[in-house]
Number of protein chains: 2
Amino acid sequence: MNQTILLKSRPEGTPQLSNFEFQKQDETLQISEGELLLETKYISVDPYLRGRMSDAKSYVPPFQLNEPISSGVVAKVIATKNDNFKEGDYVSGSLAWKTQQVSSGEGLTKVNADLAPLSAYLGVLGMTGLTAFLGLQEIGKPKAGETLLVSGAAGAVGSVVGQIGKILGLRVVGIAGTDEKGDMLKNDFGFDEVINYKTTEDMTQAIKTACPDGVDVYFDNVGGSISDSALFSINRFARLIICGAISVYNSTELPTGVSVQPFLVKNSALMQGFIVSNYAEKFPEAIKQLSEWVSKGELKYKETIVEGFENTPQAFIDLFSGKNKGKMIVKM
Amino acid sequence: MNQTILLKSRPEGTPQLSNFEFQKQDETLQISEGELLLETKYISVDPYLRGRMSDAKSYVPPFQLNEPISSGVVAKVIATKNDNFKEGDYVSGSLAWKTQQVSSGEGLTKVNADLAPLSAYLGVLGMTGLTAFLGLQEIGKPKAGETLLVSGAAGAVGSVVGQIGKILGLRVVGIAGTDEKGDMLKNDFGFDEVINYKTTEDMTQAIKTACPDGVDVYFDNVGGSISDSALFSINRFARLIICGAISVYNSTELPTGVSVQPFLVKNSALMQGFIVSNYAEKFPEAIKQLSEWVSKGELKYKETIVEGFENTPQAFIDLFSGKNKGKMIVKM
């Protein structure tokens, strides 16, 4: 029996389980010449999918109502009429939230289950790792000795960004939402300092204190008032990588805050939106570097694994209350 | 008799005449070996000086209380003990608001009164032209056929930016504060469209209408709500040059507005603060290009000339109510 998760209605504010619909199909899927039959093993749930569930605010074409949602998936080839893939191969790519599906093979990458756990290809060796590495490198242009501030530091991208910062010789300060996450970032991932934004009254002052030499690179996953607070510490020629704005994805009103323009002029600073797909030509080299760091044990990763296809919508919703440490993944 | 204008007190909000003090000196200025005696001919008043009059918000070291204010000045050498300058030479540089002053010659550029009117060396062939050209080129990276939106379009920098945009083959839309300024921009400077922000109720819609293909490059001289409105029209990979924020220079509270981060992520857009002095190595080449355009009549400029040293503070204050068309200059 094949199951699919559809977008039933567009979320208003925080997504609800009622925005999703499960569909069951009894017939066996058939493949034609050139096609593959895939069985889903792992599904990636990511904050950016929230944008695609809206009509107007989406970063990429929005999901259609009553159609399957798609995201990063690792699947096993269980039948094939395509010479490029054989039965038993594992692949990753952007696929539908289905337990089984037919694919032409286009856009799929074979992944090696012997080199790394399959779930890693959705995280540190997938879009997450690429986003962290390429965002930091291409926009952040970090130099050893500089200070890197990371918001959403305990999330999938943030925890990788901070570690790469340490590998490159930066002082790394993270912002996270629990002391437990802070301890993880400092003890397991080598962050120099972590600020718990939920227990800190004056974030502007806390950032100033944690970054006595100012902030040279700010890797921003959250937006909102936390990012406003960071502006007061940016240095001349600072680079602000705008990778995500999870704090406002569910806003039903237009988000407002401190005007950034005066800070940017005063500091000749740069702020740039980052979407990893714009850097596709750099993926192979980046994956090579990430794999090397992972195999040497220099780059660690944390996963929050939720079991059961039926729990995919809830896992996605839990991202917005920070229930995950590191990458949130659903395992079949 | 030599006169000086000092900063008497730091402005709160809009600068007032009472923030300035005039000082008269009767003794004749003496020069030592290597020095020049200069007589001021033209003084440039610029919005960015407001920043230097504050203590904390300044873009460059703040002016000291009870010390002379300085800005771009064109002066005549009336006595010299420096072999690099002879009597009768004209020079431009950052000099004090004094009718006469002694200089070592350091940082001064000789200017040719036969090639262009002396005042032009404070405008289109000075910092104004350099700011317009280098800001547009270095951050805006404009391509023929793209749409350029310019705020503060009738100001010194904005009116040059728009014309350079036209020379480079862009569609140019300006934002200005009177219909008279709009007519000047369209009829004299070749702007394709001008929006009068004072008579327009819905700036977001007006910008969308004037820029049917969206905005690729936004040259921002004003900040505030006008710049917020522009966000709704930016294209993928848009470049936003943050050159000034005249609308908030006099704010006594921290300026707030629409959060830019979601717009930047969604459009992979770039926003960068521009200060011309960071690009000093490009000045000679830029001045050469600007002079060529001016001599061919492709680049025109407007000046608002105020007569009398004693009117310098008022000319500066008048910038904030938009009393100038083009470059505001005080003539001795």
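Cut-off values and rules
- Within each chain, residues carry numbers counting from 1 in the order of the written sequence.
- Lettering of chains starts at A and numbering of ligands starts at 1, both following the order in which they are written.
- Local features in a predicted model are, by the rule used here, given only for residues with pLDDT of at least 70; side-chain atom pairs are given and counted only at 80 or more, and totals for whole chains, interfaces and linings are based on all residues.
- Calculation of side-chain values draws on the structure's entire complement of heavy atoms; hydrogens and water are dropped beforehand.
- Angles run from 0 to 180 degrees between N-to-C directions of axes, and those axes are lines fitted to C-alpha atoms, restricted for helices to the stretch in contact.
- Strands are runs of DSSP state E lasting at least two residues, helices are runs of H or I lasting at least four, and both sets are numbered from the N terminus onward.
- Here the angle decides the label: under 35 degrees means roughly parallel, over 145 means roughly antiparallel, 65 to 115 means roughly perpendicular, and every other value means oblique.
- In what follows, a contact means two residues having at least one pair of non-hydrogen atoms within 4.5 Å.
- When residues are sorted by character, Ala, Val, Leu, Ile, Met, Phe, Trp, Tyr, Cys and Pro go into the nonpolar class, Asp, Glu, Lys and Arg into the charged class, and all the rest, Gly among them, into the polar class.
- Put simply, a salt bridge is a Lys or Arg side-chain nitrogen that is within 4 Å of an Asp or Glu carboxyl oxygen.
- Burial status follows relative accessibility: with a 1.4 Å probe on protein chains alone, a residue under 20% of its type maximum counts as buried, one over 50% as exposed, and anything between as partly exposed.
- Stacked, tilted and edge-to-face are the three classes applied to pairs of Phe, Tyr and Trp rings, where Trp contributes its six-membered ring and a pair requires centres within 6.5 Å; stacked means planes under 30 degrees apart, edge-to-face means over 60, and tilted covers the rest.
- Our definition puts a charge over a ring when NZ of Lys or CZ of Arg is within 6 Å of the ring centre and also within 35 degrees of the ring normal.
- What makes two strands pair is DSSP finding at least two bridges between them.
- Buried area: the accessible surface (1.4 Å probe) lost by two parts on joining, summed over both.
- Nitrogen and oxygen atoms within 3.5 Å of one another constitute a polar contact, given that in protein one can donate a hydrogen and the other can accept it, and given that sequence-neighbouring residues count only through two side-chain atoms.
- Given the number of residues in a helix, its expected span is that number minus one, multiplied by 1.5 Å.
- By definition, the arc is the one covered by directions from the helix axis to the C-beta atoms.
- By disulfide we mean two sulfur atoms from cysteines, separated by a distance within 2.5 Å.
- To superpose the copies, least squares is applied to the C-alpha atoms of every residue with a pLDDT of at least 70 in both.
- All domain edges in this entry derive from an automatic or database-based domain assignment.

Draft legend 1. The packing of helix 2 (residues 127–140) of chain A against helix 8 (residues 283–295) of chain A, seen in detail. All names here are of chain A. In the contact formed by helix 2 and helix 8, the axes pass within 10 Å of each other and the chain directions differ by 100°. What the angle tells us is that helix 2 and helix 8 run roughly perpendicular. Between helix 2 and helix 8, the contacting residues are Met127, Gly129, Leu130, Phe133 and Leu134 on the first element and Phe283, Ala286, Ile287, Gln289, Leu290 and Trp293 on the second. Broken down by class, the residue content of the contact of helix 2 with helix 8 amounts to nine nonpolar, two polar and no charged.

Draft legend 2. Up close: the pattern of salt bridges. Evaluated as defined, the whole model comprises 24 salt bridges over all chains. The partner of Lys327 of chain A in a salt bridge is Asp46 of chain A, with the nearest N and O atoms 2.5 Å apart. In this pair, Lys327 of chain A sits in strand 16 (residues 327–331) while Asp46 of chain A sits in the loop between strand 3 (36–44) and helix 1 (49–53), placing the two residues 281 residues apart along the sequence. The buried category is assigned to Asp46 of chain A, whose relative accessible area is 11%. The salt bridge involving Glu180 of chain B is made with Lys325 of chain B; its shortest N-O contact spans 2.7 Å. Residue Glu180 of chain B is found in helix 4 (residues 179–187), and its partner Lys325 of chain B is found in the loop between helix 9 (312–318) and strand 16 (327–331); the two are separated by 145 residues along the sequence. Taking relative accessible area as the criterion, Glu180 of chain B reaches 52% and is therefore assigned exposed. Within the structure, one salt-bridge network assembled from shared partners comprises Lys86, Asp89 and Lys110 of chain A.

Draft legend 3. View of the packing of aromatic side chains. Residues and elements named next belong to chain A. For the coordinates displayed, the defined rule picks out twelve aromatic pairs over all chains. Consider the rings of Phe316 and Phe320, whose centres lie 5.4 Å apart with planes at 85°: the pair is edge-to-face. A network of ring pairs unites the aromatic residues Phe20, Phe316 and Phe320 as a single cluster. Of note, Lys110 hangs over the ring of Phe85, and the distance from its end group to the ring centre comes to 5.5 Å.

Draft legend 4. Representation of the pairing of strand 5 (residues 90–96) of chain B within the structure. All names here are of chain B. The buried count for strand 5 comes to five of seven residues, which makes it a mostly enclosed element. Alignment of strand 4 (residues 70–80) against strand 5, held across seven bridges, turns out to be antiparallel. Its bridge partner lying in strand 5, Val74 is registered against Ser92.

Draft legend 5. Examining the interface of chain B and chain A more closely. The partner chain A presents 35 residues to the 35 residues of chain B that form the contact. Together, the buried faces of chain B and chain A total about 2,900 Å²; carbon and sulfur atoms form 62% of this surface. Of all residues in chain B, the largest losses of buried area upon contact with chain A belong to Gln261, Val265 and Lys266 of chain B, amounting jointly to 22% of the total for that side. At the junction of chain B with chain A, the criterion picks out zero salt bridges. Taken together, chain B and chain A are joined by twelve residue pairs in polar contact (both at pLDDT 80 or more). At the level of elements, strand 12 (234–242), strand 13 (256–258), helix 7 (261–267) and strand 14 (270–273) of chain B are the ones that each hand at least two residues to the side of chain B that touches chain A. In terms of residue count, the dominant contributor to the side of chain B that touches chain A is helix 7 of chain B (six residues). Note: strand 13 (residues 256–258) of chain A against strand 13 of chain B, three bridges, orientation antiparallel. Counterpart to Gly257 of chain A in the pairing with strand 13 of chain B is Gly257 of chain B.

Draft legend 6. Quick look at helix 8 (residues 283–295) of chain B. All names here are of chain B. An ideal rise of 1.5 Å per residue puts 18 Å on 13 residues; helix 8 measures up with 18 Å between its terminal C-alpha atoms. Those residues of helix 8 lying buried are Phe283, Ala286, Leu290 and Trp293. Down the axis of helix 8, the smallest arc covering the buried residues is 95°, so these residues share one side. Those residues of helix 8 that are exposed and angled more than 90 degrees off the buried face are Pro284, Glu285, Lys288 and Ser295. Structurally, helix 8 contributes buried residues whose contacts are with helix 2 (127–140) and helix 3 (156–167). Immediately downstream of helix 8, the backbone of Gly297 shows phi near 80°, a positive value.

Draft legend 7. Region of interest: the state of the cysteines. Residues and elements named next belong to chain B. Overall, the coordinates contain zero disulfides over all chains when judged by the stated rule. Between Cys211, a free cysteine, and Cys243, which holds the nearest cysteine sulfur, the sulfur-to-sulfur gap is 19 Å. Exposure remark for Cys243: the relative accessible area of 14% places this residue in the buried category.

Draft legend 8. Main features of the sheet that holds strand 8 (residues 147–151) of chain A. If you walk across this open sheet you meet the twelve strands as 10(A)-9(A)-8(A)-11(A)-12(A)-14(A)-14(B)-12(B)-11(B)-8(B)-9(B)-10(B), and the pairing is mixed. A single partner strand is all that each edge strand has here, and the edge strands are strand 10 (193–196) of chain A together with strand 10 (193–196) of chain B. The average undirected angle you get between the axes of adjacent strands in this sheet is 15°. Sheet strands in contact with helix 6 (residues 224–231) of chain A are strand 8, strand 9 (171–176), strand 11 (215–220) and strand 12 (234–242) of chain A, and its direction is about 170° off that of strand 11 of chain A.

Draft legend 9. Looking closely at helix 2 of chain B. Residue and element names in this part refer to chain B. Of all 14 residues in helix 2, eleven are buried; the element is thus mostly enclosed. Considered for burial, the residues of helix 2 that qualify are Thr128, Gly129, Leu130, Thr131, Ala132, Phe133, Leu134, Gly135, Leu136, Ile139 and Gly140. Immediately beyond the C-terminal end of helix 2, within one or two residues, lies Lys141, with a positive phi of roughly 40°.

Draft legend 10. Fine view of the relation of the copies chain B and chain A. Between the two copies, chain B and chain A, the superposition gives an RMSD of 0.0 Å; the rotation angle is 180° and the shift along the axis is 0.0 Å. The transformation just described matches what one would write down for a two-fold rotation axis. Counting the interface residues of chain B, we find that 100% of their copies in chain A are interface residues as well, pointing to one common contact surface.

Draft legend 11. Here's a closer look at the domain arrangement of chain A. Residue and element names in this part refer to chain A. Taken as a whole, chain A is organised into domain 1 (2–123 + 302–331) and domain 2 (127–277). Inter-centroid distance (C-alpha atoms) of domain 1 to domain 2 is 28 Å. A combined buried area of about 1,500 Å² lies between domain 1 and domain 2, and 51% of that area is made up of carbon and sulfur atoms. One can count two salt bridges joining domain 1 with domain 2. Where domain 1 touches domain 2, the interface holds seven residue pairs in polar contact (both at pLDDT 80 or more). Its residues assigned to classes, the side of domain 1 that touches domain 2 comprises seven nonpolar, six polar and six charged.

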